[in-house]
Amino acid sequence: MSGGVDSSVTAKLLADKDYDLSAVFMRNWDTRDESGSDHGCEWEKDWEDVRRVCGVLDIPCKMVDLSREYWTRVFEPSLKLWESGITPNPDVWCNKEVKFGVLLDRLTEDSGLSNTPWLATGHYANKDWKYHNGVLRPRLLRPRDVTKDQTYYLSSVPERSLSCALFPLGSIKKTEVRELAVKWNLPTAARQESMGICFVGEKRKFHDFISQYIPPKPGPIINLETGLQVGEHAGPWNFTIGQGAKVKGLKEKTFVVKKDISRNIIYVVPGTDHPALYAQSLTIRDWTWIWADNPPIELMHPGGLKARMKFRHVMSDVGCSVYSDNDCIRIEFNEPQKAVAPGQVATVYIEDWCLGCGTIVEVT
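Note that the coordinates shown come from a computational prediction; the quantities given were computed from them, not determined experimentally. (Residues numbered from 1 in each chain as written. Predicted model: local features only at pLDDT ≥ 70, side-chain atom pairs only at ≥ 80, totals over all residues. Heavy atoms only, no water.)

1. Quick look at the overall build of the protein chain
Rules: Starting at the N terminus, helices and strands are each numbered in turn, a helix being any DSSP run of H or I of at least four residues and a strand any DSSP run of E of at least two. When accessible area is computed with a 1.4 Å probe and restricted to protein chains, residues below 20% of their type maximum are described as buried, those above 50% as exposed, and intermediate ones as partly exposed. What makes two residues a contact is simply this: any of their non-hydrogen atoms within 4.5 Å. Residue burial considers only the protein chains on display, and all accessible areas are found by Shrake-Rupley using a 1.4 Å probe. Charge assignment: positive for Lys and Arg, negative for Asp and Glu; neither His nor the chain ends contribute. Note on charges: their place is set at NZ of Lys, CZ of Arg, CG of Asp or CD of Glu.
Each helix and strand in the protein chain was counted, giving nine helices and 16 strands. Seen along its three principal axes, the alpha-carbon backbone of the protein chain occupies a region of about 65 × 55 × 35 Å. Residues counted as buried form 50% of the 364 residues belonging to the protein chain. Taking all contacts inside the protein chain whose residues are at least 6 apart in sequence as the whole, residues at least 24 apart take part in 62%. Entry remark: accessible area of the protein chain is about 18,600 Å², with carbon and sulfur atoms responsible for 50%. Placing the 45 positive and 48 negative side-chain charges of the protein chain at their respective mean positions leaves the two points 3 Å apart.

2. Some remarks on the packing of aromatic side chains
Selection criterion: In this analysis, rings of Phe, Tyr and Trp, with Trp reduced to its six-membered ring, are considered paired at centre separations within 6.5 Å, and the interplanar angle assigns stacked below 30 degrees, edge-to-face beyond 60, and tilted for intermediate values.
Under the definition given, this model contains 15 aromatic pairs. Arranged with centres 6.0 Å apart and planes meeting at 55 degrees, the rings of Trp-29 and Phe-209 form a pair that is tilted. Note that Trp-29 is positioned in the loop between β1 (23–27) and α2 (32–35) and Phe-209 in helix α9 (residues 206–210), a separation of 180 residues in sequence. Grouping residues by exposure puts Trp-29 and Phe-209 together as buried. Ring centres of Trp-82 and Phe-206 lie 5.2 Å apart, and the angle between their planes is 55 degrees; this geometry places the pair in the tilted category. Taken together, the residues Trp-82 in helix α4 (residues 67–83) and Phe-206 in helix α9 connect sequence positions 124 residues apart. A relative accessible area of 4% means that Trp-82 is categorised as buried. Judged by its relative accessible area of 23%, Phe-206 falls in the partly exposed class.

3. Regarding the packing of α4 against helix α5 (residues 90–109)
Just so we agree on the cut-off: Every axis in this analysis is a line fitted to C-alpha atoms, fitted for helices over the stretch in contact. Angles between the N-to-C directions lie between 0 and 180 degrees. Roughly parallel covers angles under 35 degrees, roughly antiparallel covers those over 145, roughly perpendicular covers 65 to 115, and oblique covers all other angles. Whether a crossing is left-handed or right-handed is set by the direction in which the near helix is turned from the far one by less than a right angle, anticlockwise for left-handed and clockwise for right-handed.
For the pair α4 and α5, the least separation of the axes is 9 Å and the interaxial angle reads 165 degrees. Judged by the inter-axis angle, α4 sits roughly antiparallel to α5. Along this stretch, α4 crosses α5, giving a crossing that reads as right-handed. Contacts between α4 and α5 involve Glu-69, Tyr-70, Arg-73, Val-74, Ser-78 and Trp-82 from the first element and Pro-90, Trp-93, Cys-94, Glu-97, Val-98, Val-102 and Arg-106 from the second.

4. Section: the UniProt feature "domain: tRNA-specific 2-thiouridylase MnmA-like central" (unreviewed entry) in the protein chain
Selection rule: UniProt positions are given in the numbering used here, feature names are shortened, and annotations may be inferred rather than shown by experiment.
As recorded in UniProt, the sites labelled "domain: tRNA-specific 2-thiouridylase MnmA-like central" (unreviewed entry) are residues 208–269. Note that residues 208–269 is 5% helix and 35% strand, and that its end C-alpha atoms are spaced 26 Å apart.

The following block contains the structure:
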């Protein structure tokens with residue numbers, strides 16, 4: 001449970017069934033690393049809301065401090081990528097490394113449990129089971145509410161962990177979740193939805209946060225068309241491909257199209273539909289199929305695997321062909337796509353079935 005309305009309704013749905021149920025709250029971020037104090041920090045309110053909901057539902061709850069594991073497995077690797085000018089997606093790796101990694105391992109090792117536990121979350125996703133070569137295997141599927149689809153964030157979760165997962169909200173729309181919370185008088189019914197990277201939060205800007213960990217590295221902002229300098233930046237980690245550059249004094253808005261990390265240059269182009277903002281193909285490393293031992297055989301075919309894919313959470317999936325290319329995966333779009341950033345996660349689907357994901361390393 002996170003303290004939000006989604007996990008609260010999830011807890012209520014499970015409490016109404018015959019489960020040996022308890023709640024766990026993950027504390028992933030230690031604000032003492034930034035301010036030297038935990039007083040008044042966001043996790044305290046979240047934990048209080050979890051306890052209030054569990055009190056209403058009469059289920060036990062406990063907090064597990066995973067801030068050290070989060071720091072070493074998610075935040076430090078992300079920090080190194082930001083510093084190198086790449087735009088990572090830490091929320092995807094948090095699910096793999098922490099929630100469905102360290103946390104699930106701890107719950108499994110808990111001496112108080114006689115069986116491997118199920119781990120239910122408030123994600124908007126579905127799961128079913130399919131026989132493959134005589135073995136029953138789990139599939140990660142999109143939810144009924146496609147506008148809240150969170151399979152992108154779950155696409156790195158391995159099969160072993162997915163086998164233990166429950167997604168009770170998979171068949172419920174977000175509006176219905178809110179209505180149920182009100183109907184059941186849950187303490188979090190009116191709580192607003194949280195957005196943004198979890199350790200940055202909503203109350204501050206990314207630039208202000210990241211500047212606590214990476215010193216400024218000023219460099220030029222150059223118009224790709226003219227080759228002229230139009231501004232100065234404080235570090236390439238403050239920009240991602242396709243983002244508005246917000247260069248003062250220009251008549252037309254400019255957008256980031258390329259980052260030359262070795263020379264510390266940000267290149268921009270005018271207008272939102274400049275051809276340089278579009279890509280036709282991607283190269284992806286560290287690809288992980290959820291069924292790791294059974295990648296689609298179509299990858300080796302001349303025409304590749306015909307699929308759908310997403311390269312950011314908030315987007316409609318797009319048609320593509322997927323190929324195995326030595327140690328990498330290559331994806332060719334059916335139509336050119338705008339603002340594709342190295343470091344982001346690419347996720348592949350066959351209809352509603354999420355097959356896996358990897359990290360974008362090259363865009364052409």
